[in-house]
Amino acid sequence: HRKPIRNRKPPTSGRQAMISRLFSIAGNTFIESLRRPVFLAVLATVCLLLALNPAISTLTLGEDDKLLVDLGLSTILLGGIFLSAFISSGSISREIDSKTILTILSKPVGKLCFIAGKYLGVCATISLAGWIWSLVFLLGIRHGAISAAWESSDGPVLIFGLGAAALSVAIASWGNYARGWNFPTSVSLLLAALLPLAWTLVLLVAKDWSLQGLQAEFAAEEKQLGQVLLALALALQALWILAAIAIACSTRLGQLATLLISFGAFLLGLSSDSLFGGPGREKTLAKLAYGITPNLQFHWLADALSLGNPASGFYLLLVSGYTILFIGAILCLATALFEGKEIG
């Protein structure tokens, strides 16, 4: 008589298999997006613009810090639009052109799972870029507007910030030459790891190289660092919404049309208050259900920071709920558009 096999693994349930396929698609999309040269090009361009913002903000009289915040948030949003449009359209169209989507959908993988996986991969890529951009932006805020005198420069910001960037490029170049690492992937991951260390060191060292506590920069009322972090979190949610719109457009349209529609949604979203005629935030929320474009005014805190109107954590929760609902609706629309597309 044969002995019963007791170590046999239970069969994988349908839900577990679907979740596994979902994260597999998302992971592959994330890795492929990091390997694309357009990702490194947009990442480097936005980082350079954010690094130059302290010099550009000196063109105003008495409003340097406010302009520095406005320029930084605007640069991050615009960079995210280009990145989401290029990655979304390239990711789906590449699967269709190479016919690999036929293999993916025959696993079986439903089209909703495919769209959701692609969206999660694109969001992970945008979040990584947003993390790097936010750290460069925070280093620029610590430095402040650059005056004509060199003595006003913040030494710790320049040493630690530029040192982290140079070390990331050096290690990625060595890894690409000696180990065969993909340069865009390695340099972006190194920046994401070294820039937080650089910012932490900057928080611990004052402008005159004297030691200080981490809370010293947060306690400075003129910088409103806590509100800036909240504004960055809301800006990232706005990029997630625009990424969902780009995914929906890329199921039917090309790269240029996806970019134009994403940019149009960005402009309409920032002018939703005037379009819907609501003078107050509460009145706009009541009318938002009848709009067809996202109200990105909820995610734009630069005006509130300029006027000295702080936002609360409860406001972040409300906007987060709206973001989740809007993304869910757009992804359902993207799946419906993808259902009728010829992919054979």
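Residue numbering note: each chain is counted from 1, following its sequence as written. Local features are withheld for residues below a pLDDT of 70 in this predicted model, meaning they are given only at 70 or higher, and side-chain atom pairs are given and counted only at 80 or more; totals for whole chains, interfaces and linings count all residues. In computing side-chain values, all of the structure's heavy atoms are included and hydrogens and water are not.

**A word on the overall build of the protein chain**
If you tally the helices and strands in the protein chain, you get 14 helices and 0 strands. Secondary structure elements are taken from DSSP: a helix is a run of H or I of four residues or more, a strand is a run of E of two residues or more, and numbering for both begins at the N terminus. Reading the protein chain from its N terminus to its C terminus gives the helix and strand order α-α-α-α-α-α-α-α-α-α-α-α-α-α. Relative accessibility under 20% of the residue-type maximum defines a buried residue, over 50% an exposed one, and the middle range a partly exposed one, all with a 1.4 Å probe and only protein chains included. Burial analysis of the protein chain (344 residues in total) assigns 46% to the buried set. Contacts are residue-level and defined by heavy atoms, with any inter-residue pair within 4.5 Å sufficient. Considering only intrachain contacts with a sequence separation of at least 6, the fraction spanning at least 24 residues in the protein chain is 76%.

**Structural notes on the environment of L242**
Within the secondary structure, L242 sits in helix α9 (residues 225-250). Taking the C-alpha atoms as reference, L242 lies 7.3 Å from F266; in sequence the two are 24 residues apart. Apart from the residues lying within four places of it in its own chain, the contact partners of L242 are I81, S84, S262, A265, F266 and L296.

**Here we look at the nonpolar core**
The set of buried Ala, Val, Leu, Ile, Met, Phe, Trp, Tyr and Cys residues whose side-chain atoms join them within 4.5 Å is what this entry labels a nonpolar core. Judged by nonpolar contacts, the single largest core of 79 residues is most densely connected at W133 and F137. Ranked by residue count, the leading element in this core is α9, at 17 residues.

**Here's the deal with the packing of helix α5 (residues 111-143) against helix α14 (residues 313-339)**
Orientation is described by lines fitted to C-alpha atoms, with helices fitted over the stretch in contact, and by angles between N-to-C directions that extend from 0 to 180 degrees. Running from amino to carboxyl end, α5 crosses α14 at an angle of 130°, the nearest separation of the two axes being 9 Å. It follows that α5 is oblique to α14 by the angle criterion. Our pair here, α5 against α14, has a crossing hand that is right-handed. On α14, the residues that touch K111, L112, F114, I115 and Y119 of α5 are I327, L331, A334, T335, F338 and E339. Any angle that falls under 35 degrees is termed roughly parallel, while one over 145 is termed roughly antiparallel, one within 65 to 115 roughly perpendicular, and all others oblique. Handedness of a crossing follows from how the near helix is turned relative to the far one, being left-handed for an anticlockwise turn of less than a right angle and right-handed for a clockwise one.

**Quick notes on the confidence of the model for the protein chain**
With 78% of its residues at a pLDDT of 70 or more, the protein chain has an overall mean of 80. Mean pLDDT per element in the protein chain: helix α12 (residues 281-287) is the minimum at 48, and helix α7 (residues 183-204) is the maximum at 93. For every residue, the pLDDT score states the predictor's confidence, bounded by 0 at the bottom and 100 at the top.

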